[in-house]
Amino acid sequence: MKFFRKICMIVTCLPGVFFSFAHAQENAADTVKKTKIYLEHAGVRSFDKNIDDQRQVLNGNVIFRHDSSFMYCDSAYFYERDRSLEAFGTVRMEQGDTLFVYGDYLFYDGNIELARMRRNVRMVNIQQDSSIVTLYTDSLDYDRIADVCYYFEGGRVVDVENELTSFYGRYSPETKIAVFNDSVCLTNPNFVLYSDTLEYSTETKIATILGPSVIESDSGTVYSTKGWYNTQENTSLLLDRSQVFSGEKILTGDSLVYDKAHAIGTAFGDMSLRDTAQDMTLTGHYGYYEEKTEYAFVTDSACALEYSQGDTLFLYADTLELITVDSTSRYLRAVGGARFYRSDIQGICDSMRFNTKDSVLHMFGTPVLWSENQQLSGDSIIIYMADTAIDYVHVPTSAFSIQLVDSGCFNQLGGNDLKAYFKGRNPERIDVDGNVESIYYPLETDSTIEVLNYLQSSYLSMWMNSSGGLEKLKVWPLSAGKVIPMPDLTDEEKTLKKFAWHENLRPVDRYDIFRFYKRKTAAGADVPPVSPVEADLTPGVRESPAVPGAIDLPEDTGPRSLKKAENPVESLILKK
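Small disclaimer: the values here were computed from a predicted structure and weren't measured.

Criteria and cut-off values
Residues numbered from 1 in each chain as written. Predicted model: local features only at pLDDT ≥ 70, side-chain atom pairs only at ≥ 80, totals over all residues. Heavy atoms only, no water. Helix = DSSP H or I, 4+ residues; strand = E, 2+ residues; numbered from the N terminus. Buried < 20%, exposed > 50% of the residue type's maximum accessible area, 1.4 Å probe, protein only. Contact = heavy atoms within 4.5 Å. Areas by Shrake-Rupley, 256 points an atom, 1.4 Å probe, with all protein chains shown as cover. pLDDT = per-residue confidence, 0-100. Polar contact = N/O pair within 3.5 Å; in protein donor to acceptor, adjacent residues only side chain to side chain. Pairing = 2+ DSSP bridges. 1 Å grid on protein atoms, 1.4 Å probe; cavity = no way out; pocket = protein on both sides within 12 Å on 5 of 7 lines; lining within 4 Å. Points joined across faces, edges and corners; volume = space filled by probe spheres on them. Nonpolar A, V, L, I, M, F, W, Y, C, P; charged D, E, K, R; others polar. Salt bridge = Lys/Arg side-chain N within 4 Å of Asp/Glu carboxyl O. Phe/Tyr/Trp six-rings, centres within 6.5 Å; stacked < 30°, edge-to-face > 60°. Lys NZ or Arg CZ within 6 Å of the ring centre and 35° of its normal.

A. Representation of the overall build of the protein in the model. Secondary structure assignment for the protein yields 1 helix and 37 strands. Sorting the 576 residues of the protein into buried and exposed places 47% on the buried side. Long-range pairs, those at least 24 residues apart, make up 41% of the contacts in the protein between residues at least 6 apart in sequence. When the accessible area of the protein is evaluated, it comes to approximately 28800 Å², of which 51% is carbon and sulfur surface.

B. Expanded view of the confidence of the model for the protein. Overall, the prediction assigns the protein a mean pLDDT of 82, with 84% of residues at 70 or greater. Note that pLDDT drops below 50 for residues 1–30; the model gives that stretch 0 contacts with residues more than four away or on any other chain. Low pLDDT, under 50, characterises residues 522–576; the predicted model gives this stretch 110 contacts beyond four residues in sequence or across chains.

C. Local environment of the side chain of R506. Checked against the element boundaries, R506 lands in the segment after β37 (470–485). With relative accessibility at 13%, the residue R506 sits in the buried group. Within the local environment of R506, its side chain forms a polar contact with the backbone oxygen of E372, the two atoms lying 2.8 Å apart. Residues within four places of R506 in sequence aside, it is in contact with R339, Q346, W370, S371, E372, D512 and R515.

D. Broad picture of the pairing of strand β4 (residues 69–79). Among the 11 residues of β4, 8 are classified as buried, and the element is accordingly described as predominantly covered. Two strands pair when backbone bridges link them, and strand β3 (residues 52–66) and β4 are joined in this way by 9 bridges, in the antiparallel orientation. Of the residues in β4, the one forming a bridge with R65 is F70. Here β3 folds back onto β4 in antiparallel fashion, the turn holding 2 residues, of which D67 has a positive phi close to 55 degrees. In this structure, β4 lies alongside strand β5 (residues 84–95), joined through 9 bridges in antiparallel fashion. Its bridge partner lying in β5, S75 is registered against F88.

E. Local environment of the layout of surface pockets. Of the voids in this model, the largest pocket is the one considered here, and its volume is about 480 Å³. Forming the boundary of the largest pocket are 24 residues, of which M280, E306, L313, F354 and M385 lie nearest the centre. Of all the secondary structure elements, the ones that give two or more residues to the lining of the largest pocket are β23 (295–308), β24 (311–324), β25 (330–342), β26 (345–355) and β30 (380–386). Take the lining of the largest pocket: its biggest share by element is 5 residues, from β25. Of the residues assigned to the lining of the largest pocket, the class counts are 15 nonpolar, 4 polar and 5 charged.

F. Molecular detail of the pattern of salt bridges. Per the stated rule, a full pass over the model turns up 18 salt bridges. Here D275 makes a salt bridge to R330, at a shortest N to O gap of 2.9 Å. Pair noted here: D275 is in strand β21 (residues 264–275) and R330 is in strand β25, with a separation of 55 residues, a long-range link. Residue classification places R330 among the buried positions, given a relative accessible area of 6%. Overlapping salt bridges, with partners in common, bring together K249, D275, E294 and R330 in one network.

G. Quick peek at the environment of L332. Structurally, L332 can be placed in strand β25. On the basis of relative accessible area, L332 is assigned to the buried category, the value being 9%. Separated by 11 residues in sequence, L332 and E321 place their C-alpha atoms 5.7 Å apart. With near-sequence residues (within four places) excluded, L332 lies in contact with M280, L282, A304, L315, E321, L322, M352, R353 and F354.

H. Just the packing of aromatic side chains, in detail. The final tally for this structure, using the stated rule, is 15 aromatic pairs. With 6.3 Å between their ring centres and 75 degrees between their planes, Y286 and F297 make a pair best called edge-to-face. With Y286 in strand β22 (residues 280–290) and F297 in strand β23, the pair connects residues that are 11 residues apart, well separated along the chain. You can call Y286 partly exposed: its relative accessible area is 24%. R55 extends its terminal NZ or CZ atom over the ring of Y77, reaching a point 4.0 Å from the ring centre. The ring of Y102 carries R122 above its face, with NZ or CZ at 4.2 Å from the centroid.

I. Up close: unusual backbone geometry. With an omega of -25 degrees, the peptide bond running from W476 to P477 counts as cis. For P477, the location among the structural elements is in strand β37. The residue N61 is not glycine, and still its phi comes out positive at about 50 degrees. Assignment of secondary structure puts N61 in strand β3. Non-glycine residue D182 carries a positive phi angle of around 70 degrees. Here D182 shows up in strand β13 (residues 177–188). Classification of D182 as partly exposed rests on a relative accessible area of 33%.

J. Local environment of the pairing of β5. The antiparallel pairing of β4 with β5 creates a hairpin that spans 4 residues between the two strands, and R83 there sits at a positive phi of about 55 degrees. Relative to strand β6 (residues 99–109), β5 runs antiparallel, the two sharing 10 bridges. Residue pairing for β6: S84 is matched across the bridge by D109.

K. Inspection of the side chain of T266 at higher detail. With respect to the helices, strands and loops of the structure, T266 is situated in strand β21. Using a relative accessible area of 12% as the deciding quantity, one classes T266 as buried. Discounting chain neighbours no more than four positions away, the residues touching T266 are L251, S255, L256, V257, Y286, G287 and Y288.

L. Spatial organisation of the environment of S461. Mapped onto the secondary structure, S461 falls in strand β36 (residues 451–464). Each C-alpha atom, one on S461 and one on V432, is 6.4 Å from the other, the two residues being 29 residues apart in sequence.

Here it is, written out as structure tokens:
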């Protein structure tokens, strides 16, 4: 019984709920105030009740007014009760003193304040700075309440800076914002922008990219799906892995700031600068590139990738610079904890410089170079390349070479000046000049080691076979030499004074170049990590293309020869 009473109460209340809901809808509809359309002037006015008793036929300089809008035409049908009209001939609609719309036909619904202009439509909007924005189309709908114009069969918007075309478009005379969809094209004297979706401010002249877009100019091409472009200042912010193509260079980043006026691109996030002609790529989390000078600057996990010999060289440094001198000469400069890896060669140093003109790589600041089971170090190392392969290596001062023979056994060679000549990926000959010291472990036929050979001389030349084994040794003059059997060998006699095996610092793969490392002293204690060479690396403030701050190198002797001493003595320091 109680349940039945509750049901009756709900049913009784339902009419009131429906009435309140309907009343609320009526109030919402009344919020749009409906005003009368006034006929201000007409040369001839007539009715034909047989056709339509509500239609007034007007001819000759017809003028209507609805609120602050005026409509002019040659002839019209006026439906006063329905608050609507049709205008024919030379039709013009004026909204204040800033908006003018022209066409051949107009239908205007005063209830919703919507104007539909058709055929040869032209909308003129005067901006605050007195500049003019003109929209051309064949079909335009103008919503006076929202103050928005729509076209949907192709249109063109022209201002003092740009011309924009698209299939669909929307423009607000109040906000000065236009949105374009489908086959969008923005034409500027300096570039052309093609897009799927684009927003454009006729006031600020900024185009906002909202879909896949391409910007083409004489200097290059830009690809982006999100960002903005200031068409007055020729600057842009591009997001979502945008790309800038400039000649043979491709700049990519999570976000790009591109100054086309000064031809400068700045990349942030996961950025890369690829040179398709030189098969080189620079990567990092911050990059800077000048198109005119072809200067590049990369830092924050900076890495250079150089493709050659069917392999890739991976180079890391705190900062990388690419400096273009001319069409044939460029410098790649790595500063601060440089480390590189390629399957056949690895190295570390404080800084390095590579010149593409003469294909010479300079390593400065306690450099160490590895190849196979060999290690080379010195005050500086110069690597001469031939077709991206190593031709020869020069260590001008404090040269020291180590070859791992067996566990605890190292062939060692030290001197003032060392040159190693390569055939393929292996050294073919080594020449050492001045204060030469050598330790050599000859292998027996069964690959065992029985003795250690030690010598001192002023000059040394040695020839190796394809597997890295010693074929011939030439020294002059021989200052000292001895052969020590392995059972009689002490720990002190196993190594030279400058011996330091830096296997713990050697990059083991392409990812290991990013490892933070500390050098070890001879006693095994930690020393401070590799620090950058002091140099001004501020982009755009470079002294000259001659790589400011680079270390002057001693002139190389060039020919593959040693200074010949008088009466050279040839010795074969082997067990037998």
